[in-house]
Every structure is written in C-alpha cells, then in structure tokens.
Amino acid sequence: MRATGPEGPLAAIARRLARAEASVCLTGAGVSAESGIPTFRDAATGLWSRFDPEQLASVDGFRNNPNLVWRWYRERVQAVQDARPNPGHIALARLARSLEGFTTVTQNVDDLHERAGSADVVHLHGRLTAYRCLECGTPVQLDLAQRLAAEPPVCAACAGLIRPGVVWFGELLDANLWEQAYAACQQADVMLVVGTSGLVWPAAELPLLARRAGAHVVEVNPEDTELTGWADTCVRGRSGEILPLLADQVERIVS
Ligand code: BV8
Ligand code: ZN
C-alpha cells in the first residue's frame with residue numbers, strides 16, 4: 001500500500017506495532033540527514049559526490065592514501081560531534097520504550113541513536129567511536145583530539161596504522177551482529193525501514209528476509225528506493241516528520 005501523506009497509514013501501522021510480539025527497525029544515513037549529517041548518495045551534498053566509495057571506504061583505499069581516508073573520517077567525526085539527534089532518532093527511542101521486543105538495527109556509524117536514548121543498537125557497519133590497528137587488530141581508545149588529528153595515529157604494539165572501527169567495502173560484517181539483525185528480522189511482525197537507499201549488501205537483504213518470514217514491512221523515505229518493491233506500506237516523507245507522528249499514535253494505544 002502506498003501513501004502520500006503521513007496521516008494516512010500511520011494509525012494502521014501503530015496498531016500493528018502495538019500488537020506485535022517483536023518488531024525491528026533498519027535505519028540508514030537518511031535518519032541522520034535532519035541532524036545535518038550528509039547521506040552517502042545525495043548528489044549535491046552526498047559523501048560519495050566527491051569521492052568513489054571504493055577509494056575511501058576500503059582497506060586498499062586506506063593503504064593507498066591513509067591521510068585522505070583518515071581526513072574523510074575526521075570530517076565525519078567532527079560532523080557527528082557537532083550534530084544533535086533529530087526528532088526521528090528520538091521517536092525511535094520512544095518506540096523502543098513503548099513496545100515489547102523492538103530492535104534497532106542501523107547501517108550508520110554515528111552515535112545519534114544512542115544519544116537519542118536508544119539502547120542495544122545493532123551497528124552492522126561498525127562505529128566511528130571504535131578504532132583498531134590495521135595490522136594487528138589491537139583495539140585502541142582515542143580521545144577526540146586524537147580522532148581529529150591530521151593523520152592516523154600508529155599502533156603502540158606494532159607501529160601499524162590505526163583505522164576507524166567501521167566495516168569497509170569488501171570486509172565481512174561482524175558475524176555476531178549479523179546474527180542479531182537476522183534473528184530480529186526473522187522474528188519481527190513489523191519491520192520499519194527508515195532512510196536507506198537499500199544499495200549496500202548484505203544489509204539490503206534484511207527487509208526481504210523479514211517479509212519472507214511474515215513481517216509487515218513499512219518504508220519511511222521521501223523517495224522510492226531499491227527496497228520499495230519489498231515494502232507492504234510506503235510512507236513518503238522525512239523520518240524527522242513521520243516517526244514522531246507514529247510514536248504519538250503508538251503511545252496513545254499502549255498508554
Ligand atoms: C560484504 C561503513 C562479504 C563505512 C559502509 C551483493 C551484491 C552487490 C554488491 C555486493 C554484494 N555483496 C557484497 C557486495 C559489495 C558491497 C556492496 O554492497 N556494494 C554496493 C556499493 C553495491 N558490500 C560489501 O562489501 C559488504 N561486505 O558483503 O562482505 C564479502 C566480502 C568480500 C567480498 C564480497 C563480499 C560491506 C558493506 C559495508 C560498507 N560500509 N559503511 C562508512 O560509513 O564509511 S556502507 C555505507 O553506505 C553506510 O554504512 C550505508 O550502509 C551505506 C549508505 O547507504 P544508506 O545508509 O542507504 O545511505 P544512502 O545515502 O545510500 O541513502 C540515504 C537514503 O535516505 C536515501 O534513500 C534518501 O532518500 C533517504 N533520505 C534522505 N533524507 C531523508 C531520508 N530518509 C528519511 N528521512 C530523511 N530526512
Ligand atoms: Zn598493531
């Protein structure tokens with residue numbers, strides 16, 4: 001079912017969520033867009049608009065030009081530092097408090113879900129706050145000054161370069177996190193898919209898995225995406241506008 005305005009299907013989605021035994025939300029860069037964090041594919045401001053993802057978000061890219069890749073991440077660390085959770089992040093934390101068995105899975109590496117109050121967020125693609133040695137894998141804690149340094153620090157144990165703890169293209173996702181996300185989608189009665197173009201695999205497979213396991217899949221996005229075909233309901237609009245309305249409706253039912 002497609003809907004143009006947010007007021008249409010939200011009551012029906014809220015009722016589904018309220019009676020669901022388990023529900024899951026998959027978010028992408030779009031949920032952080034209204035916090036001022038550029039998405040990847042927005043032509044004008046998109047992070048990729050100036051660079052090729054393989055050139056930046058990959059081991060080879062980092063090995064070939066560590067300072068360029070480090071500075072790209074430094075830009076994002078600063079942007080996230082300056083950003084605040086938007087009403088969309090806050091609404092997802094509200095839903096998690098109102099509903100039994102609500103799991104938040106994100107492709108984002110920022111911590112805006114956590115800063116909005118979401119707990120146990122499954123970060124499929126890692127986090128900007130985690131760092132480790134490219135060579136020996138030793139995890140390192142970096143303070144903000146170190147994360148904003150002009151060049152990557154080096155490992156105390158082996159003098160290898162320190163890299164961001166994110167999943168780069170061509171790298172495997174953490175098996176445990178993938179298992180958590182997979183299980184949440186298999187068990188979900190309702191799946192919200194918010195702010196993702198559905199272009200990056202295997203995360204893009206999750207809505208399909210949920211649907212095949214019987215979930216009602218809801219897409220929240222201003223435009224059609226690769227995942228629109230798998231959605232039962234499409235709510236066209238910005239997450240910062242739609243999700244608070246949905247959380248209001250759910251809170252009215254469950255309170
Ligand atoms: C892997 C961390 C096994 C780093 C990221 C199968 C088919 C095709 C390709 C592959 C495949 N399997 C593997 C691949 C290769 C690759 C891949 O998928 N490539 C793509 C480009 C085709 N996948 C991998 O390499 C994965 N690893 O599969 O391992 C393996 C191992 C070896 C060899 C083969 C396989 C690892 C992928 C992880 C990459 N790391 N991030 C970093 O962040 O720098 S991906 C990165 O891009 C993000 O994490 C995110 O996942 C993705 C961006 O996607 P979105 O979040 O959707 O953002 P986007 O800008 O695209 O869209 C924004 C959306 O928001 C839009 O729809 C827009 O309309 C909407 N929006 C805008 N404003 C709002 C809004 N929505 C709501 N409200 C708003 N206000
Ligand atoms: Zn090392």
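Report on the accompanying structure. (Residues numbered from 1 in each chain as written. Chains lettered and ligands numbered in written order. Predicted model: local features only at pLDDT ≥ 70, side-chain atom pairs only at ≥ 80, totals over all residues. Heavy atoms only, no water.)

1. Overview of the sheet that holds strand E6 (residues 139-140)
Phase 1 of the analysis: An order of E6-E5-E7 is seen for the three strands of this open sheet, with the pairing classed as antiparallel. Since the sheet does not close on itself, it has two edges, and those belong to E6 and strand E7 (162-166), each with one partner.
Phase 2 of the analysis: The pairing of strand E5 (residues 126-133) with E7 spans four bridges and is antiparallel. Each residue of the ladder has a partner; that of Arg132, found in E7, is Arg163.
Phase 3 of the analysis: Across the sheet, helix H5 (residues 66-82) is in contact with E5 and E7; its angle to E5 comes to roughly 140°. (Pairing = 2+ DSSP bridges. Helix = DSSP H or I, 4+ residues; strand = E, 2+ residues; numbered from the N terminus. Contact = heavy atoms within 4.5 Å. Axes fitted to C-alpha atoms, helices over the stretch in contact; angles between N-to-C directions.)

2. Describing the coordination of the zinc ion (ligand 2)
As a benchmark, a tetrahedral metal site with four donors has ideal angles of 109.5 degrees, while an octahedral site with six donors has ideal angles of 90 or 180 degrees.
Phase 1 of the analysis: For the zinc ion (ligand 2), the protein coordination sphere consists of Cys133 (SG), Cys136 (SG), Cys155 (SG) and Cys158 (SG), at 2.2 to 2.3 Å.
Phase 2 of the analysis: Because the angles between the four donor atoms bound to the zinc ion (ligand 2) fall within 97 to 119°, the donor set is best described as tetrahedral.
Phase 3 of the analysis: All donors of the zinc ion (ligand 2) come from a single chain, and their spacing in sequence reads C-x2-C-x18-C-x2-C. One end of the pair, Cys136, is in the loop between E5 and E6; the other, Cys158, is in the loop between helix H8 (144-147) and E7, with 22 residues separating them in the sequence.
Phase 4 of the analysis: Overall, the relative accessible area of 36% leaves Cys158 in the partly exposed class. (Donors = N, O, S within 2.8 Å, 3.2 Å for Na, K, Ca; no water. Tetrahedral: all angles 85-135°; square planar, octahedral: opposite > 155°, others 65-115°. Buried < 20%, exposed > 50% of the residue type's maximum accessible area, 1.4 Å probe, protein only.)

3. Overview of the site of ligand 1
Phase 1 of the analysis: Taken together, 35 residues surround ligand 1, and among them Arg41, Tyr73, Arg76, Gly170 and Ser197 come closest.
Phase 2 of the analysis: Here a nitrogen atom of ligand 1 sits 2.7 Å away from a polar atom, N or O, in the main chain of Val167.
Phase 3 of the analysis: Asn221 places a side-chain nitrogen or oxygen 2.8 Å from an oxygen atom of ligand 1.
Phase 4 of the analysis: Contributions of two or more residues to the shell around ligand 1 are made by helix H2 (30-33) and H5.
Phase 5 of the analysis: Classifying every residue of the shell around ligand 1 gives 17 nonpolar, twelve polar and six charged. (Near = heavy atom within 4 Å. Polar contact = N/O pair within 3.5 Å; in protein donor to acceptor, adjacent residues only side chain to side chain. Nonpolar A, V, L, I, M, F, W, Y, C, P; charged D, E, K, R; others polar.)

4. A look at the environment of Ala130
Phase 1 of the analysis: Its place among the elements puts Ala130 in strand E5.
Phase 2 of the analysis: Residues Ala130 and Ile13, 117 residues apart in the sequence, show an inter-C-alpha distance of 35 Å.
Phase 3 of the analysis: For Ala130, the residues in contact, after removing those within four places along its chain, are Arg163, Pro164 and Gly165.

5. What to know about the pairing of E5
Phase 1 of the analysis: Pairing analysis gives two bridges linking E5 to E6, with the strands arranged antiparallel. For Arg132, the partnering residue across the bridge sits in E6 and is Pro139.
Phase 2 of the analysis: Two successive antiparallel strands, E5 and E6, enclose a turn made up of five residues, where Gly137 displays a positive phi of approximately 80°.

6. Points about the pattern of salt bridges
Phase 1 of the analysis: Scanning the entire structure with this criterion turns up ten salt bridges.
Phase 2 of the analysis: Of the charged contacts, one joins Arg115 and Asp111 as a salt bridge, the two residues approaching to 3.1 Å between their closest N and O atoms.
Phase 3 of the analysis: The structure contains a network of salt bridges with shared partners spanning Arg94, Asp248 and Glu251. (Salt bridge = Lys/Arg side-chain N within 4 Å of Asp/Glu carboxyl O.)

7. Structural notes on helix H9 (residues 175-187)
Phase 1 of the analysis: If you check H9, its first and last C-alpha atoms are 18 Å apart, about what 13 residues at 1.5 Å a residue would give, namely 18 Å.
Phase 2 of the analysis: Every buried residue of H9 is accounted for by Trp178, Ala181, Ala184 and Cys185. The arc that holds the buried residues of H9, viewed along the axis, is 130°, so those residues lie on one side. Among the exposed residues of H9, those oriented more than 90 degrees off its buried face are Ala175 and Gln187.
Phase 3 of the analysis: Put simply, Asp174 is the residue that caps the front of H9, since its side-chain oxygen is 2.9 Å from the backbone nitrogen of Asn176. (Expected span 1.5 Å × (residues − 1). Arc of directions from axis to C-beta.)

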